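# Reading the structure
Take a look at the letters that make up each chain.
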There are 2 protein chains.
Amino acid sequence: MLGLMQDHPLLISSLIEFAERHHGDRAIVSRRVEGDIHRYSWADAARRSCQVAHAVEAEGVPFSGRVATLAWNGYRHLELYYGVSGAGRVVHTINPRLHPGQLIWIVNHAEDQVLCFETSFLPLVQAIHTHCPTVRRWVLLCDADKLPHDSGIPNLVSYEAWIGAQSDRYTWPRFDENSAAGMCYTSGTTGDPKAVLYSHRSTILHAYGVALPDVTGLSACDVMLPVVPMFHVNAWGTPYAAALVGASLVFPGPALDGKSLYELIEAEKVTITAGVPTIWQMLLAHVSANKLRFSRLARLLIGGSAAPLAMIETFENDYGVKAIHAWGMTETSPLGTAWAPKAKHMDLSAQQCQPLKVKQGRAIFGVDLKIIDDQGHDVPWDGKTYGDLLIKGPWILRAYYKGQGSPLIRDEHALGWFPTGDVATIDADGYMQITDRSKDVIKSGGEWISSIDIENIAVAHPAVAMAACVGVPHPKWDERPVLLVVKRAGIEVSREELLRFYEDKIAKWQIPDDVIFMDSIALGATGKILKTKLREQLKDYKLPGV
Amino acid sequence: MLGLMQDHPLLISSLIEFAERHHGDRAIVSRRVEGDIHRYSWADAARRSCQVAHAVEAEGVPFSGRVATLAWNGYRHLELYYGVSGAGRVVHTINPRLHPGQLIWIVNHAEDQVLCFETSFLPLVQAIHTHCPTVRRWVLLCDADKLPHDSGIPNLVSYEAWIGAQSDRYTWPRFDENSAAGMCYTSGTTGDPKAVLYSHRSTILHAYGVALPDVTGLSACDVMLPVVPMFHVNAWGTPYAAALVGASLVFPGPALDGKSLYELIEAEKVTITAGVPTIWQMLLAHVSANKLRFSRLARLLIGGSAAPLAMIETFENDYGVKAIHAWGMTETSPLGTAWAPKAKHMDLSAQQCQPLKVKQGRAIFGVDLKIIDDQGHDVPWDGKTYGDLLIKGPWILRAYYKGQGSPLIRDEHALGWFPTGDVATIDADGYMQITDRSKDVIKSGGEWISSIDIENIAVAHPAVAMAACVGVPHPKWDERPVLLVVKRAGIEVSREELLRFYEDKIAKWQIPDDVIFMDSIALGATGKILKTKLREQLKDYKLPGV
């Protein structure tokens, strides 16, 4: 017997309809590529999303056809999110920092029919467009009068001309909530990129999860600035969660340096922001160097890679900004866990809670976690035992696009769990901590050394701006850890001092064998350290004494 | 093309599994019928819910078969919520305050197969059981050694014996999320009661909505005491939302007087509670008379009927407890709207916000509202124009059980909206205010007078403990309002003084024609004033001068 409640599919269009009807006057503020500030409302965004929907239909893109974006965080990207997905097409957000060869591969693999791109990527598109036969229409995200006449790209149109002639009224279609809504390729370090295909259902359920009090606690009073790119797992779902609660959105465009972010946060009275630790290092460096304060910023969602304790302490103690440590992946929509206290922590001060926050938090309802050993058995939730981290839930990947494989591991009830490729512990209270990527763990003498632990200690040293730890082959111990360090400007530190810094902090055999000072460490497109590149750079390096 | 995310139905069993795995040690505290306090954890509740599931299966109740409850808010009721629904059967919560004849009608209409009841309802069940042929098993919510031997009820078993022999391990089945999970009859004032059949999907989506920051803002640090009965629209979904976030639950049993509630709130460090205004009047009377304070109580969800401004002010200004005014019905799961500020209110003080809080708040994402005129056309959202309130969403009723009718009104897109039977305004910011029940509105000389407005003014007078306004036939004006008042003990007020109290507050023609002082005003089973009964009592009454 079925229940007798109304049958409404969970559709992304319902988010923009809701924001328009119930929070229509809330601001959407964008720093544009041109550097100026664009300002409008959810109601405006809704009307222009309708125009996008008509434009996509007029272009002949069929249901589920892919419309790609090469774009920063901004209002036009937001309109593409809602207009394309709302109309039943798939918005395919491409990471513009990929190598042109990868870009071509991805556009062809996805069979993108329309590709919308920022003016900053015009040279890139000029270089690749002839290799993208599926793209019938190139849309430059600019005003009609800014379209270059000599781009050499056939079928190029300005975004404003593309949508300008369309009606801003559109009846959002109703369809199966499991339909594809968004697409994002993983920046896999090995093999071809793989595409994750989000559904309307997964996106809506994830947005509810993101807004919960123990995750972002997002409300209609919030002003959310997603620094995390909209081409990186939908900016962690923040553009959807903001519509769900009627929050304001502030988009930084391409200006992600500390000064630009700080000024935007202050000018727009941002209350919550979201991004990776390297972004926050830059922001902290700017505010610290200029002795600045945050007037309204209250919360900071940190994900993408582990947040060092020093960063959490600095934000909370020195700037009064609550750090919310979270974890997820492209395959998990992305939020799987977030750190929030339990009642048992209520008698602790903020300072006493901070050391707990190096853990990535606990499961958000909707997902479940487990950790398993090499034999596939559950390992204890004792906060110490490592295991491969598995996750399941309605916003977790089942299979990659185009039969690139379903990696799920079945349990005794035949339920599929996604293996994250992370090694983690879970404690008795359900708090999970990523110990390492399974491929980055340093295997020394049969024991595992977490490269992340080594790095976190290093960045707590005042002279260290950035640190990376990689395993280097060793004839006796298989691998030994080596620390690569970028020094903070104007502060000196020696190899020996840094190694001594570890002495009371970890077991002796876990201390790196060497420190290498570098001028810079390369970051990937999502702001993470590229360890594959570091290992390449070290391929002729020899450990001391070997 | 479908998305490629995991396929997990939204099932109530996932809530109890989640609470067990991630918040297993959080307390569930219950004041029992016997008066003592029972204390255990979500993990215990989960294990005993498994036993319930086995017991229901052993009883031969088929999938979707109804298991009824006549029970207070307590841990056994919670186990029935999860054990019965989780196993794919339907938990049918019956209001024990109904007339025995109505009870019999409902049990037969629902075809309940098992009926679980508190010891306080033994005489009631003794009186009705022979009229309930579908019930094959009566379960008394007591320990095995407390079962009376001479009850006269065949197939009677104690709850503890019923579940005691069953395993506390159970693999929750997976099935269509649209399956029926819960059933609740409306206490309709006209015609036969009608049953609302909640689904697993509607229950989970509603629970996400309840927990949102702009609704209850429920977190794992909260201790939630639902005063609203579990037989009344699932205690507004709080038992589900608490599991979703890992909050603690405190159940008051049958002791809903001000003293008992206050003591439980203090002893268990309750942070949030939920109930109808009449309950809060009693609680305020107790704390005021005894000069008490709340040590941890921070939020108070008020629904079921309109919260008077005086009550909101008293809680917020005198006791520091935030009042959350909400609105819903049995047919809406129930939460449709809740009051929370928007950013534009952030510069107002709490005191300045309070007058806004007499509105019932704004739509929670998932539902949408509209107000229409007699011709079915949308009326403006200007905060002044009245209209019939309609609502739609995945946790809103489509049809009543057993073909008792689908009341939906189709819009121009053929989407069905549920007509609430309420008359309301919506303002430009989406805040809705119930003006009246359409049947309680007093129609005087072609204009409408809101009975609720008249009552709210009356209860703001210090001498008024309770007030009700009803329309009385008038030869010239069709109807005229009459105010019925219960005076506060020890404070005198005259008819003339009360009528003068209205003078600067509403238009002259809206002022009641008369005041009738009463010793008491009858409340219905859910704590609402029974206006039908008042109208009956007034059937021989004549207006002054008529």
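Heads up: the structure comes first, above all this text.
Here's what I pulled together on the structure shown here. Bear in mind the structure is a predicted one, so any value in this text is a computation, not a measurement.

### Description of the environment of S451(B)
Residue and element names in this part refer to chain B. With respect to the helices and strands, the residue S451 is situated in helix α14 (residues 451-459). Look at S451 and you get buried, because its relative accessible area is 0%. With residues near it in sequence (within four places) discarded, S451 still touches D436, D440, I442, C469 and K531.

### With respect to the relation of the copies chain A and chain B
When chain A is fitted to chain B, the residual RMSD is 0.1 Å, and the transformation amounts to a turn of 180° plus an axial shift of 0.0 Å. Those values place the two copies in the arrangement expected of a two-fold rotation axis. When you check the interface residues of chain A against chain B, 100% turn up at the interface there too, and the contact is symmetric in its surfaces.

### Examining the sheet that holds strand β8 (residues 180-185) of chain A
All names here are of chain A. Taken in spatial order, the seven strands make up an open sheet running β7-β6-β5-β3-β4-β8-β9, and their pairing is mixed. Each having just a single partner strand, β7 (156-158) and β9 (195-199) make up the two edges of the open sheet. The average angle at which neighbouring strand axes cross in this sheet is 25°, direction not considered. In terms of strand pairing, β8 meets β9 through five bridges, oriented antiparallel. Considered in β9, the bridge of Y185 is made with A195. Sheet strands in contact with helix α4 (residues 100-110) are β3 (66-70), β4 (90-93), β5 (114-117) and β8, and its direction is about 155° off that of β8.

### A closer look at the interface of chain A and chain B
With 84 residues of chain A at the contact, the number on the chain B side is 84 residues. Carbon and sulfur atoms supply 60% of the area buried between chain A and chain B, which totals about 6600 Å² over both sides. Three residues stand out in chain A for area buried against chain B, namely M1(A), M5(A) and F365(A), and they jointly supply 15% of the buried area on that side. Remark: the boundary between chain A and chain B carries 40 residue pairs in polar contact (both at pLDDT 80 or more). At the level of secondary structure, the elements contributing two or more residues to the side of chain A that touches chain B comprise α1 (12-23), β9, α7 (200-211), α9 (238-245), β16 (362-363), β17 (368-372), β18 (387-392) and β20 (416-426) of chain A. With seven residues, the single largest contributor to the side of chain A that touches chain B is α7(A). Of the residues assigned to the side of chain A that touches chain B, the class counts are 46 nonpolar, 20 polar and 18 charged.

### Here we look at the packing of aromatic side chains
One pass over the full model with this rule turns up 35 aromatic pairs over all chains. The interplanar angle of 15° and the centroid separation of 5.4 Å between the aromatic rings of Y208(A) and Y208(B) together place this pair among those described as stacked. Pair noted here: Y208(A) is in helix α7 and Y208(B) is in helix α7 (residues 200-211), and the two residues belong to different chains. Among the residues examined, Y208(A) registers a relative accessible area of 1% and is labelled buried. By the ring-pair criterion, three or more aromatic residues cluster together here, those being F18(A), Y208(A), F365(A), F18(B), Y208(B) and F365(B). The side chain of K194(A) reaches across the aromatic face of Y400(A), ending 5.2 Å from its centre.

### Comments concerning unusual backbone geometry
Look at the link from S333(A) to P334(A): it is a cis peptide, with omega at 10°. A positive phi angle, close to 70°, is found at A414(A), a residue other than glycine. Position of A414(A) relative to the elements: it lies in the loop between β19 (409-410) and β20. Of the residues examined, A414(A) reaches a relative accessible area of 48% and is grouped as partly exposed. Of note, the phi angle at K402(B) is positive, near 60°, even though the residue is not glycine. By secondary structure assignment, the location of K402(B) is in the loop between β18 (387-392) and β19 (409-410). On the basis of relative accessibility, which here comes to 40%, the residue K402(B) falls in the partly exposed class.

### Here we look at the environment of L408(B)
Mapping L408(B) onto the fold places it in the loop between β18 and β19. Expressed as a C-alpha distance, the spacing of L408(B) and I391(B), which sit 17 residues apart in the sequence, is 9.5 Å. When residues no more than four places from it in sequence are discounted, the contact partners of L408(B) are Q6(A), L397(B), R398(B), G416(B), W417(B), F418(B) and P419(B).

### Observations concerning α4(A)
All names here are of chain A. When α4 is considered as a whole, its buried residues turn out to be L103, I104, I106, V107, H109 and A110. Where α4 is buried, its residues contact β3, β4, β5, α5 (122-128) and β8. Of the residues flanking the end of α4, it is E111, one or two places downstream, whose phi is positive at about 55°.

### Brief notes about the pairing of strand β15 (residues 335-338) of chain A
Residue and element names in this part refer to chain A. Looking at chain direction, strand β14 (residues 322-328) and β15 are connected through three bridges and run antiparallel. Its bridge partner lying in β15, G328 is registered against L335. Connecting β14 to the antiparallel partner β15 that follows it, the hairpin turn spans six residues, and S333 within it adopts a positive phi of roughly 80°. Relative to β16, β15 runs antiparallel, the two being bridged by two bridges. Within the sheet, the bridge partner assigned to A338 lies in β16 and is R362.

### Digging into the side chain of H461(B)
All names here are of chain B. With respect to the helices, strands and loops of the structure, H461 is situated in the loop between α14 and β24 (464-474). Here H461 falls in the buried class, since its relative accessible area comes to 12%. In contact with H461, not counting residues within four places along its chain, are V493, L498 and F501.

### Some thoughts on the packing of helix α10 (residues 258-267) of chain B against helix α11 (residues 277-289) of chain B
Residue and element names in this part refer to chain B. Contact pair α10 / α11: the axes reach a minimum separation of 8 Å and the direction vectors enclose 80°. Relative to α11, the element α10 lies roughly perpendicular. For the pair formed by α10 and α11, the contact residues are G258, K259, L261, Y262 and I265 on the first element and I279, M282, L283, H286 and V287 on the second. A per-class count over the contact of α10 with α11 returns seven nonpolar, two polar and one charged.

### Considerations on the nonpolar core
As a rule of thumb, soluble globular proteins bury nonpolar side chains together. By size, the foremost hydrophobic cluster in this structure holds 214 residues, and its most contacted members are W42(A), Y82(A), F294(A), W42(B), Y82(B) and F294(B). For Y82(B), the contacting residues outside a window of four places in its chain are I12(B), L15(B), I16(B), W42(B), S49(B), A87(B), W172(B), P239(B), Y240(B) and A243(B). Grouped together as the second largest cluster of nonpolar side chains are 34 residues, L124(A), C132(A), Y185(A) and A195(A) included.

### Regarding helix α2 (residues 42-58) of chain A
Residue and element names in this part refer to chain A. The end-to-end C-alpha distance of α2, which contains 17 residues, comes to 24 Å, matching closely the 24 Å that a straight helix rising 1.5 Å per residue would cover. Burial runs high along α2: 13 of the 17 residues are buried. Immediately beyond the C-terminal end of α2, within one or two residues, lies G60, with a positive phi of roughly 80°.

Conventions adopted
- Residues numbered from 1 in each chain as written.
- Chains lettered and ligands numbered in written order.
- Predicted model: local features only at pLDDT ≥ 70, side-chain atom pairs only at ≥ 80, totals over all residues.
- Heavy atoms only, no water.
- Helix = DSSP H or I, 4+ residues; strand = E, 2+ residues; numbered from the N terminus.
- Buried < 20%, exposed > 50% of the residue type's maximum accessible area, 1.4 Å probe, protein only.
- Contact = heavy atoms within 4.5 Å.
- Least-squares fit on C-alpha atoms with pLDDT ≥ 70 in both.
- Pairing = 2+ DSSP bridges.
- Axes fitted to C-alpha atoms, helices over the stretch in contact; angles between N-to-C directions.
- Buried area = accessible area lost by both parts, 1.4 Å probe.
- Polar contact = N/O pair within 3.5 Å; in protein donor to acceptor, adjacent residues only side chain to side chain.
- Nonpolar A, V, L, I, M, F, W, Y, C, P; charged D, E, K, R; others polar.
- Phe/Tyr/Trp six-rings, centres within 6.5 Å; stacked < 30°, edge-to-face > 60°.
- Lys NZ or Arg CZ within 6 Å of the ring centre and 35° of its normal.
- Parallel < 35°, antiparallel > 145°, perpendicular 65-115°, else oblique.
- Core = buried A, V, L, I, M, F, W, Y, C linked by side-chain atoms within 4.5 Å.
- Expected span 1.5 Å × (residues − 1).

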